[in-house]
Amino acid sequence: MRSHLLLSHMENMMECPFCSLSGVSYDELSFHINTAHIEKDCQDMNATVVDSAQKNSNHWKAQSPTSTKTSNVNAKKMEKVSQSSPQSLSQVNGMVTPITGTSLSQGTLTSLNSSPPAAATASGAVKQVRATQTSNNNLNREKEDGHRKSKQKRLSSPVKEGCFQCPMCGLVCKDCFILQEHVELHLQDQDTAEGAGPEVGTSSNGRSDVMRFQCPMCSLSCSSSSSLQEHVELHLEYGSASATGHSSEDLTLARKLQEEEEQKWRETEIRREAEDFKKLQKQFGLDNSGGYHKQMERNMERAVSRGQMVPAEFHRKKAEMLESLASGVDDGRSRTTGLMGALYRYYQRDASDFAHVWLCAETDHYSSSEGDKGWGCGYRNFQMLLSSLHRLEQYDLLPDSVPSIPRVQALIEEAWGQGADPQGASHFNHRLRGTRAWIGATEIYAVLTSLSVKARIVDFHKPTGPRDTHPTMFEWVKQYFSHPANRSARLPPKVVQTTLPPIYLQHQGHSRSIIGVEQKVNGSLCLLLFDPGCAPGEMRRVLSQDTATTIIRRMRKFPGSLKHKQYQVVIVEGLLTPEEKRSRILNSRTLCAEKIP
């Protein structure tokens, strides 16, 4: 009778409160709930199962009073097992069933274990569960087949433009169909996780330990390697499509940026070169700011405004300047004469520290004036050289007067017009008058050649002594002044005034005139220089015995005082014949200096 009741009546009484599963035993129903449904429904399930089990128990008791004794015995057995361990196995009428910690409470176990379904056989229930699993697997296969068919249909669709972002992760897709397929992968992974079968293990808290695969390109985690592979292929497909679509645009943009950068760089270089050229023009007096005449007028007007000059004196000096410019002859206001005789007398009187002193021929000193201060040193040194040549008989063909600075500029332009130094003429754009342009050794050579004076340029292009000194140049200057004196007498006097003109000395930024050389008792050499920067009042102190020592000390230059990298000198060696003049003008097209060493 008990077997009949269990098989014919109670087997169909147990049913799942969350799905349509029925016709199973209590143990099979418990196993089904723990594996097929999520953890959060367990509490509701406990109450539902208790009520269902209580009703079934009462119904069974009403139908079979004789089974009360058997159910009480089974309930006592169940209580002992449940009290011993919540995770232990429950044994009802010889059947062993696992009870997990997330299924039912202690009271529920006691009430349910007292019901007769615990002694029922599980063969029919097992068949029912297997049939349910088979139907679920068939549904999954149909869903996957539907995914494949929809994917094939979508891949054949035209690609739409635009960017679409996945609402479940950070992936951005260019095609809406790709985004749809990507979202379906998310949903498929969730269905797989929820429908994990009994083969997936459970942790201590009842959650399924499903292995997850993390996407290396976004935050999505997949439940299987095949899903992850398909997901990553979507990434790569979108990346290749984007790269193909944007490669030409990126290349065009890169070329445009490079062209803009090169254009900016060229414009910057052009502006910098223009600024540097303007600075050089201003430095060398080629900025069209006016020449000797304008500078003289501006300085005199400034002196009047400061109260340093009365208006009457301003008009008088301006008239004298205009007269000098018209005649082409220097007004002589910056000239100091009689210096070489005063120097000769000084060394005759006090030369105890010197073994020999050589002086050039009589030469006047020309100082820079208000009209050429800062740029007229080359012109003033040329005036000094002409003042010496005028006193020498062999140069009597030269004009008797010393030209003014504007006239010297005109003479250099005339030399360029004859063909002398075409490279220098091109440098100054064939124009010097009305400018404040600096001149150097090559311009002095060109104007002397045009005046039929034989000149030579010697270039001391590098230092020859310690600490960037030029002892070779000092020795060469000594040979220049002492050679004629040594030929005239076996024992030259201690102080010698030669008939040689001074030497034009040029270095970077300034020029001076060498008017003599001193040789001390120990053999060291010292040059004597006329500097256009020295004012006429200072130079006149050489004429006085009381103040001559101080000025001569300033005129002395030892090797340690001349430490520029390069020096050029211009010396005069006589007059040129017309043939020699033409030859030198032709050769000046490629003007070469004598280099020492």
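Conventions adopted
Residues numbered from 1 in each chain as written. Predicted model: local features only at pLDDT ≥ 70, side-chain atom pairs only at ≥ 80, totals over all residues. Heavy atoms only, no water. UniProt positions renumbered as here; feature names shortened; annotations may be inferred. Helix = DSSP H or I, 4+ residues; strand = E, 2+ residues; numbered from the N terminus. Buried < 20%, exposed > 50% of the residue type's maximum accessible area, 1.4 Å probe, protein only. Contact = heavy atoms within 4.5 Å. Areas by Shrake-Rupley, 256 points an atom, 1.4 Å probe, with all protein chains shown as cover. Pairing = 2+ DSSP bridges. Salt bridge = Lys/Arg side-chain N within 4 Å of Asp/Glu carboxyl O. Phe/Tyr/Trp six-rings, centres within 6.5 Å; stacked < 30°, edge-to-face > 60°. Axes fitted to C-alpha atoms, helices over the stretch in contact; angles between N-to-C directions. Parallel < 35°, antiparallel > 145°, perpendicular 65-115°, else oblique. Nonpolar A, V, L, I, M, F, W, Y, C, P; charged D, E, K, R; others polar. Left-handed = near helix turned anticlockwise from the far one by under 90°. Patch = residues over 30% accessible without salt bridge, like charges linked within 9 Å, V, L, I, M, F, W, Y side chains within 5 Å. Lys, Arg positive; Asp, Glu negative; His and termini not counted. Charge placed at Lys NZ, Arg CZ, Asp CG, Glu CD. Core = buried A, V, L, I, M, F, W, Y, C linked by side-chain atoms within 4.5 Å.

The name given to the chain in an unreviewed UniProt entry is Zinc finger-containing ubiquitin peptidase 1, and the organism recorded there is Cirrhinus molitorella. What UniProt records for the chain under Catalytic activity (unreviewed entry) is the sentence "Thiol-dependent hydrolysis of ester, thioester, amide, peptide and isopeptide bonds formed by the C-terminal Gly of ubiquitin (a 76-residue protein attached to proteins as an intracellular targeting signal)."

Undergrad: How would you sum up the overall build of the chain? Please name residues and give values.
TA: Each helix and strand in the chain was counted, giving 19 helices and 17 strands. Every one of the 597 residues in the chain was classed for burial, and the buried ones make up 40%. Across the chain, the fraction of contacts at a sequence separation of at least 24, relative to all contacts at a separation of at least 6, is 66%. Put simply, the chain shows about 32800 Å² of open surface, and 51% of that area lies on carbon and sulfur atoms.

Undergrad: Please provide a residue-by-residue account of the pairing of strand S13 (residues 510-520), values included.
TA: Judged by how many residues are buried, S13 sits mostly within the fold: nine of 11 residues are covered. Sheet topology places strand S8 (residues 354-359) next to S13; five bridges connect them, and they run antiparallel. Bridge pairing in S13 links tryptophan 358 to valine 517. Strand direction decides the pairing type here: strand S12 (residues 503-507) and S13, joined by five bridges, are antiparallel. Within S13, the position partnered with histidine 507 by the bridge is histidine 510. A loop of two residues connects S12 with S13, the two strands running antiparallel in sequence, and glycine 509 in this loop sits at a positive phi of about 90°. Both S13 and strand S14 (residues 525-530) contribute to a ladder of six bridges, which runs antiparallel.

Undergrad: Please set out the pairing of S14 residue by residue, giving values where relevant.
TA: Of all six residues in S14, six are buried; the element is thus mostly enclosed. Of the two faces of S14, both are covered, the one formed by Leu525, Leu527 and Leu529 as well as the one formed by Cys526, Leu528 and Phe530. The antiparallel hairpin formed by S13 and S14 contains four residues in its connecting segment, where glycine 523 sits at a positive phi of about 95°. Pairing analysis gives two bridges linking S14 to strand S15 (residues 556-557), with the strands arranged antiparallel. Among the inter-strand pairings, leucine 527 is bridged to a residue of S15, identified as lysine 557.

Undergrad: Just give me the short version of the pattern of salt bridges, but keep the residues and values in it.
TA: Taken as a whole and judged by the stated rule, the model has 18 salt bridges. Where arginine 456 meets glutamate 573, a salt bridge forms, and the shortest distance between an N and an O atom there is 2.8 Å. Within this pair, whereas arginine 456 is found in strand S10 (residues 453-460), its partner glutamate 573 is found in strand S16 (residues 567-575), the two being separated by 117 residues in sequence. The partly exposed category is assigned to glutamate 573, whose relative accessible area is 37%.

Undergrad: Explain the packing of aromatic side chains to me, using residue names and the numbers behind them.
TA: Applying the stated criterion across every chain, the model contains seven aromatic pairs. Measuring from ring centre to ring centre gives 5.8 Å for tryptophan 375 and tyrosine 379, while their planes differ by 80°; the resulting arrangement is edge-to-face. A residue is classified by how much of its surface remains accessible, and tryptophan 375, at 4% relative accessible area, is buried. Using a relative accessible area of 0% as the deciding quantity, one classes tyrosine 379 as buried. Ring centres of phenylalanine 460 and tryptophan 476 lie 5.9 Å apart, and the angle between their planes is 70°; on these two criteria the pair is classed as edge-to-face. Of this pair, phenylalanine 460 sits in strand S10 while tryptophan 476 sits in helix H16 (residues 471-488), placing them 16 residues apart in sequence. Every member of this aromatic cluster is reached through a ring pair, and the members are Phe460, Trp476, Tyr480 and Phe481.

Undergrad: Before we move on, can you summarise the packing of helix H9 (residues 292-305) against helix H10 (residues 311-327) with the specific residues and values?
TA: Direction vectors running N to C along H9 and H10 enclose 170°, while the axes themselves pass 11 Å from each other. Compared by their axis directions, H9 and H10 come out roughly antiparallel. From H9, Tyr292, His293, Met296, Glu297, Met300, Glu301 and Val304 reach across to H10, where they touch Phe314, Lys317, Lys318, Met321, Leu322 and Leu325. Class assignment for the residues of the contact of H9 with H10 results in eight nonpolar, one polar and four charged.

Undergrad: Break down the packing of helix H15 (residues 441-450) against helix H19 (residues 578-587) for me, citing the residues and quoting the values.
TA: Contact pair H15 / H19: the axes reach a minimum separation of 10 Å and the direction vectors enclose 150°. Taken together, the axis directions place H15 and H19 in an arrangement best described as roughly antiparallel. Seen along the crossing, H15 lies across H19 with a hand that is left-handed. Of the residues in H19, those in contact with Tyr445, Thr449 and Ser450 of H15 are Lys581, Arg584 and Ile585. Here the residues of the contact of H15 with H19 are counted per class, giving two nonpolar, two polar and two charged.

Undergrad: Which residues make up a positive patch on the surface, and what are the values?
TA: A cluster of basic side chains, namely Lys294, Arg298, Arg302 and Arg306, defines a positive patch on the protein surface. Assignment of secondary structure puts arginine 306 in the loop between H9 and H10.

Undergrad: A description of the nonpolar core should follow, citing residues and the corresponding values.
TA: Membership of the largest hydrophobic core comes to 48 residues, with the highest contact counts inside it found for Tyr347, Trp476, Phe481 and Ile503. Excluding residues that lie within four positions of it along the chain, tryptophan 476 makes contacts with Arg456, Val458, Phe460, Ile503, Val569, Ile571 and Ile596. Residues Tyr292, Ile405, Tyr504 and Val570 belong to the second largest nonpolar core, which totals 38 residues.

Undergrad: Quick one: what's the story with unusual backbone geometry, residue by residue and with numbers?
TA: The omega torsion across isoleucine 596 and proline 597 is 0°, close enough to zero to call that bond cis. On the secondary structure map, proline 597 appears in the segment after strand S17 (594-595). Residues other than glycine seldom take positive phi values, yet asparagine 429 does so here, at roughly 60°. Even without being glycine, arginine 467 reaches a positive phi, approximately 60°. Its place among the elements puts arginine 467 in the loop between S10 and H16. The class of arginine 467 is exposed, set by a relative accessible area of 73%.

Undergrad: Give a detailed account of a negative patch on the surface, specifying residues and quantitative values.
TA: A contiguous patch of negative charge on the surface is contributed by Glu259, Glu260, Glu261 and Glu262. Note that glutamate 259 resides in helix H8 (residues 225-283). A relative accessible area of 52% places glutamate 259 in the exposed class.

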